[in-house]
Amino acid sequence: MDSNRIYLLLFFVAQLHLPLHAEGDTRSLESVPDLEKSMYMIVDGYPCVRLLNLSGEIGCSMCLVPPPSNFFGLKTLTLGLQRVHYVSGVDHRNNQYLVWSLKDQKLLFSELQCGSYALWLSNDSKFAKNVVGVLIESGSESQMKLKGFSPVEKFPQAEFAPYRSINYEWNPIGSGIMWKSYNFPIFLLSQSGTMTLQEVASKNENNKKSYTADVAEFDLVMQTTKSGTHDSESCLKEGTCLPLGGYRGSVWSSLPPINVSSDQSKPVILTVASMDSASFFRDKSFGADSPISGLISLMAAVDALSHLDGLNDLSKQLVFLVFTGEAWGYLGSRRFLLELDLHSEFVKGIDSTLIEMVVEIGSIGKVFNEGVKTFFAHVAGVSSVSNETLNALQQAKDSLKSENIMISTANSSNPGIPPSSLMSFLRKNSSTSGIVLEDFDATFANQFYHSHLDDLSNVNSSAIVAAASLVARTLYILASDDKDLSTSALSAINVNASLVEALLGCLLNCDPGLSCELVKNYIAPRTNCPSNYVGVLLEEPSATPYPGYVSDVSRFIWNFLADRTSISKENAASACPKDCRNEGEVCIGAELDGKGVCVISTTRYVPAYSTRLMVDESGIWKVMASNSSDSMEDPVWTESNWDAIGLRVYTVQKAAYDRLVLLGGLALTLLAYLAILVSRAFIIKALKQD
């Protein structure tokens, strides 16, 4: 009986919500889920979340103290949808942000002014107190891209620079809004979500006299805000946050494979790229130019070199390393260096004393833009090894006669190398020889550094192919130690342009995204859309973590590098067993039923997380004292826990209408009571007369 009453109540309430949907979408309601779908419209978007370090917090969260009267159960916030054109006397007429205020200030910002207005909100505390939520509409990105947008600092992660000129502006367009704290939710709407809310807001505007209104409901409660833990140390202690990082985040591989059972004496040339990016919005961090263009270039270079014969005869060992966590205090590179010091299983086969040169492939995706075909080599210090590498780059460039590509050494007036993983190596050992290959000289060419707008349209595939060709030929020149290599010998090293195009579609798009054929040849992806956000750690990394903890992108890169740098066994055609038992063997495609292949390859995962974190006996993350041998102060980045993040729209009756109904009901009740009294008196009088 009770369930029937609930169903009837929901059915009645649903009738009030059905106008939100088009008539064509109306369907028979056969269950409670059907009723919910008719009542609520889920809006897709990308949230800004709360992040913390040892100094404080950044990002977004709903403020629960004091709890506003229109919070439901202290979990959600519901306010009406309306679009306006004026904010504090400033006119905004194009694609716009939607902001709600507890004091009925309904603001609508242009996406074009994303950085400036977020900065204004964070700086104007009096105004920000009235703001309870921001919705950012997608669209008009062509206008946005004319101006550029970068939410990080003008010198990203300057505290890790191996030099003192930390006021230098590598990223002049940087606003720094990502590093500020906002006590209200901010959502970037998807294209479909934008269209939905524009329609709903327009409906509210046109139906001001209607007794119903469409409202949006936020759900963005961060546990650190709820519990009052406002830095990493306190939130880890209370269990309201988790460390940023990856279980098997970074990946390294050697070409040819290293025989770990014998002593290694070959000098090592370490080629580095990064796989993670950052954004104001957690789940929209493609990072196309910075850093994925460099990652794809590295993968294409490995593929080109893997087809050569005689790699075992090279006088130097080639090692390729892909970091994650670099956007958050260089987590990957700093953890890698620590594992080298510890001689752990993660880096077995690499002797840090044998690393002769570090070649980093940075942002190289914009070299061919506007007819410019110049790569810039940012050199760390002056040494014979660095000079040899520069000469090798020039020789590789000369061998690409048809490309008309130029190599230029970065301006000597620069304070040093740009923000890069090489900074970690230099802070560890200032005498490290290294070069960073970039698409810029003195300032970033990427106008959307660490922005959700750094997408596939922001890179040029021809530039990535050219960079891969340069790197592959340069590495071969350095590793062969043959000063008289002929152009014909280098011409045999060719980059597969089709592979580059495929990688761009797989790693920088949602269609096909990670469901592309190349990725599915190696792994069973859990999602289509790649996310290059570093993620969080649920527990301390081990040699054999739960596979579900490792990201799709990391697993794909591991399998790809293991395949390209491998030596096939005689029985490679057979499916590999549960574990490849012989030393040096790994299983490629283990996730594919019956299709895994056991090969010889030196390809390893390396965890990426703060060097100051450990798990105590009770399973709680603990911040250790700063290591005196580590010259870099670790910020210990964490991410707040949450129960759910969501945004939905539904129709409600206006309060004025409810009050009118109440007053009408009271008046009707009073009139009925008076009518009863009059009727009763009349009947009594009539009966007495009889």
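Parameters and conventions
Residues numbered from 1 in each chain as written. Predicted model: local features only at pLDDT ≥ 70, side-chain atom pairs only at ≥ 80, totals over all residues. Heavy atoms only, no water. Helix = DSSP H or I, 4+ residues; strand = E, 2+ residues; numbered from the N terminus. Buried < 20%, exposed > 50% of the residue type's maximum accessible area, 1.4 Å probe, protein only. Contact = heavy atoms within 4.5 Å. Areas by Shrake-Rupley, 256 points an atom, 1.4 Å probe, with all protein chains shown as cover. Phe/Tyr/Trp six-rings, centres within 6.5 Å; stacked < 30°, edge-to-face > 60°. Lys NZ or Arg CZ within 6 Å of the ring centre and 35° of its normal. Polar contact = N/O pair within 3.5 Å; in protein donor to acceptor, adjacent residues only side chain to side chain. Core = buried A, V, L, I, M, F, W, Y, C linked by side-chain atoms within 4.5 Å. Lys, Arg positive; Asp, Glu negative; His and termini not counted. Salt bridge = Lys/Arg side-chain N within 4 Å of Asp/Glu carboxyl O. Pairing = 2+ DSSP bridges. Patch = residues over 30% accessible without salt bridge, like charges linked within 9 Å, V, L, I, M, F, W, Y side chains within 5 Å. pLDDT = per-residue confidence, 0-100. Axes fitted to C-alpha atoms, helices over the stretch in contact; angles between N-to-C directions. Parallel < 35°, antiparallel > 145°, perpendicular 65-115°, else oblique. Left-handed = near helix turned anticlockwise from the far one by under 90°. Nonpolar A, V, L, I, M, F, W, Y, C, P; charged D, E, K, R; others polar. Disulfide = S-S within 2.5 Å.

Let's shift gears to the overall build of the protein. Counting its regular elements, the protein contains 18 helices and 30 strands. Per-residue burial for the protein yields a buried fraction of 53% across its 690 residues. Across the protein, the fraction of contacts at a sequence separation of at least 24, relative to all contacts at a separation of at least 6, is 77%. For the protein, the computed accessible surface area is about 30,800 Å², with 52% contributed by carbon and sulfur atoms.

Evaluated as defined, the whole model comprises 18 aromatic pairs. Ring plane angle 40 degrees and centroid distance 6.1 Å describe the contact between Phe155 and Tyr163, whose orientation is recorded as tilted. For Tyr163, a relative accessible area of 15% corresponds to the buried category. Consider the rings of Trp179 and Trp637, whose centres lie 5.2 Å apart with planes at 55 degrees: the pair is tilted. Note that Trp179 is positioned in the loop between α5 (141-147) and β12 (181-182) and Trp637 in the loop between β28 (621-623) and β29 (638-640), a separation of 458 residues in sequence. Among the aromatic side chains, those forming a connected cluster through ring pairs are Tyr168, Trp170, Phe440, Phe444 and Tyr449. It is Arg335 that lies over the ring of Tyr609; its NZ or CZ is 3.9 Å from the centre. The ring of Phe368 has Lys373 lying over it, and the distance from NZ or CZ to the ring centre is 5.1 Å.

The subject of this paragraph is helix α15 (residues 497-507). Within the span of α15, buried status applies to Leu499, Val500, Leu503, Leu504, Gly505, Cys506 and Leu507. One side-chain oxygen at the N-terminal end of α15 lies 3.0 Å from the backbone nitrogen of Ser498; it belongs to Asn496.

Counting 85 residues, the largest nonpolar core has Leu305, Phe375, Phe556 and Ile557 as the members making the most contacts within it. It is helix α13 (residues 461-480) that contributes the most residues to this core, 14 residues altogether. Other than its neighbours up to four places away in sequence, Leu305 contacts Leu255, Leu311, Leu318, Phe320, Ala472, Leu475, Tyr476 and Ile493.

Summarising the element assignment, Glu326 is placed in the loop between β18 (317-323) and α10 (331-342). In this structure Glu326 is buried but unpaired, with Arg334 as the nearest side chain of opposite charge at 8.3 Å. Among the polar contacts listed, one links the side chain of Glu326 to the side chain of Ser333, at a separation of 2.8 Å. Leaving out residues up to four positions away in the same chain, Glu326 has contacts with Gln157, Ser274, Asp276, Leu331, Gly332, Ser333 and Ser421.

Two pairing modes exist for strands in a sheet, parallel and antiparallel, and in both the strands are linked by backbone hydrogen bonds. Across the sheet, which stays open at both edges, the 3 strands sit in the order β23-β25-β24 with antiparallel pairing between neighbours. Both edges of this open sheet fall to β23 (567-568) and β24 (585-588), since each of them pairs with a single strand only. Relative to strand β25 (residues 597-600), β23 runs antiparallel, the two sharing 2 bridges. Residue pairing across strands places Ile567 opposite Ile600, the latter belonging to β25.

Moving on to a nonpolar patch on the surface. Together, Leu670, Leu671, Tyr673, Leu674 and Leu677 line one region of the surface with nonpolar side chains, adding up to about 500 Å² of accessible area. Locating Leu671 in the fold gives a position in helix α18 (residues 655-689). By relative accessible area, Leu671 is classed as exposed at 55%.

Across the protein, the average pLDDT comes to 80, with 79% of residues at 70 or higher. Element-level mean pLDDT values for the protein span from 30 in strand β8 (residues 90-91) up to 97 in β18. Low pLDDT, under 50, characterises residues 1-18; the predicted model gives this stretch 22 contacts beyond four residues in sequence or across chains. Confidence drops under pLDDT 50 across residues 84-113; counting only partners more than four residues distant or on other chains, this segment forms 105 contacts.

Looking now at the packing of helix α11 (residues 384-399) against α13. Packed helices, taken two at a time, are described by their axes: the angle between them and the distance between them. Remark: α11 packs on α13, axes separated minimally by 8 Å, with the N-to-C direction vectors making an angle of 125 degrees. Accordingly, the angle class assigned to the pair α11 and α13 is oblique. The interaxial crossing formed by α11 with α13 has right-handed handedness. Counting all contacts with α11, which are made through Glu388, Thr389, Ala392, Leu393, Gln395, Ala396, Lys397 and Ser399, the residues of α13 involved are Leu470, Arg473, Thr474, Ile477 and Leu478. Its residues placed into classes, the contact of α11 with α13 shows 6 nonpolar, 4 polar and 3 charged.

Alternating residues of strand β13 (residues 186-189) divide into Ile186 and Leu188 and Phe187 and Leu189, and every residue in both groups is buried. Direction of pairing for strand β2 (residues 45-47) relative to β13: antiparallel, over a ladder of 3 bridges. In the sheet register, Pro47 faces β13, and the bridge partner there is Phe187.

Here we take up the pattern of salt bridges. Counted under the stated rule, the structure contains 14 salt bridges. A salt bridge links Asp283 to Arg282; its shortest N-O distance comes to 2.7 Å. A salt bridge links Asp552 to Arg555; the shortest N-O distance between them is 2.9 Å. Of this pair, Asp552 and Arg555 both sit in helix α17 (residues 552-564), 3 residues apart, which is roughly one turn of that helix. Overall, the relative accessible area of 6% leaves Asp552 in the buried class. On the basis of relative accessible area, Arg555 is assigned to the buried category, the value being 6%. If you follow the salt bridges from partner to partner, you end up with Arg526, Asp552, Arg555 and Glu591 in one network.

Here we come to the sheet that holds strand β3 (residues 50-53). Strand order across the open sheet formed by 5 strands is β12-β4-β3-β29-β15, with mixed pairing between neighbours. Two strands lie at the open edges of the sheet, namely β12 and β15 (241-243), each paired on one side alone. By the bridge criterion, 3 bridges tie β15 to β29 in an arrangement that is antiparallel. Looking across to β29, one finds that Cys241 is bridged to Ser640.

With the rule as written, the count across this model stands at 4 disulfides. Covalently, Cys48 is tied to Cys60 through a disulfide, its sulfur atoms 2.0 Å apart. Negative torsions about the S-S bond denote left-handed disulfides, and the value of about 90 degrees found for Cys48 with Cys60 makes this one right-handed. Of this pair, Cys48 sits in the loop between β2 and β3 while Cys60 sits in strand β4 (residues 56-60), and the two are 12 residues apart along the sequence. This pair shows no difference in class: Cys48 is buried, exactly as Cys60 is. Covalent S-S linkage joins Cys510 and Cys529, the inter-sulfur distance amounting to 1.9 Å. Here the S-S torsion is close to 130 degrees, and the disulfide linking Cys510 with Cys529 is therefore right-handed. With Cys510 in the loop between α15 and α16 (517-520) and Cys529 in the loop between α16 and α17, the pair connects residues that are 19 residues apart, well separated along the chain. Classification of Cys510 as partly exposed rests on a relative accessible area of 30%. Relative accessible area serves as the criterion here: at 36%, Cys529 is assigned to the partly exposed category.

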